[in-house]
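# Architecture at a glance
One-letter residues, chain by chain:
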Amino acid sequence: MKRIVVTGMGVVSPLGCNVEHVWSRLLSGQSGIIELPQAIVDGIAAKVAGVVPDYSPQNPEGFDPNRATEPKEQRKMDRFILLLWKRRSRRWNKRTGDQGVMMSGFERPQ
């Protein structure tokens, strides 16, 4: 049996962008599914969707593209790339890099 080491967790979902916040919303039975504005759903059958919320002072657990990457880089990316980049940056800490994996003794396959 191979061992694994979990060095961190991250989430970007319709329930929020913080593991603890999303977990508490799940436990309380809340849903990230919302009714979409008529302007978006006009002419299509779908009327609801799970949309990753934007950051605001009222919603600090929402998605803030400035936490994902610099504004200069944001202009080059679509929103779905920024969401992926946010998820990736939570998992891969730029300051420590592979340190957590290296400390575990795990060797990456070449």
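Notes on the structure in this doc start here.

In terms of helices and strands, the protein carries six helices and two strands. N-terminal to C-terminal, the α/β element order of the protein is α-β-α-β-α-α-α-α. Across the 110 residues that make up the protein, the buried fraction comes to 22%. Contacts in the protein between residues at least 24 apart in sequence constitute 33% of all its contacts with a sequence separation of at least 6. Accessible surface, the protein: about 8700 Å² in total, of which carbon and sulfur atoms supply 56%.

Let us now look at helix H1 (residues 19–27). By the N-cap criterion, in which a side-chain oxygen at the helix start approaches the backbone nitrogen of a residue two or three places on, H1 is capped by Asn18, the distance to Glu20 being 2.9 Å. Just past H1, the residue Gly29 takes up positive phi, approximately 80°.

Next up on the list: the environment of Asn59. By the secondary structure assignment, Asn59 is in the loop between strand S2 (48–50) and helix H3 (65–68). Along the primary structure Asn59 and Gly16 are separated by 43 residues, whereas in three dimensions their C-alpha atoms are 8.8 Å apart. The residues contacting Asn59, other than those within four sequence positions of it, are Pro53 and Asp54.

Here we come to the pattern of salt bridges. A full pass over the atoms with the stated rule returns three salt bridges. Across the pair Asp64 and Arg67 runs a salt bridge, and its minimum N-O distance is 3.8 Å. The class for Asp64 is buried, based on a relative accessible area of 15%. With its nearest N and O atoms 3.5 Å apart, the salt bridge here joins Lys76 to Glu73. Classification of Glu73 as partly exposed rests on a relative accessible area of 28%.

What counts, and at which threshold
- Residues numbered from 1 in each chain as written.
- Predicted model: local features only at pLDDT ≥ 70, side-chain atom pairs only at ≥ 80, totals over all residues.
- Heavy atoms only, no water.
- Helix = DSSP H or I, 4+ residues; strand = E, 2+ residues; numbered from the N terminus.
- Buried < 20%, exposed > 50% of the residue type's maximum accessible area, 1.4 Å probe, protein only.
- Contact = heavy atoms within 4.5 Å.
- Areas by Shrake-Rupley, 256 points an atom, 1.4 Å probe, with all protein chains shown as cover.
- Polar contact = N/O pair within 3.5 Å; in protein donor to acceptor, adjacent residues only side chain to side chain.
- Salt bridge = Lys/Arg side-chain N within 4 Å of Asp/Glu carboxyl O.

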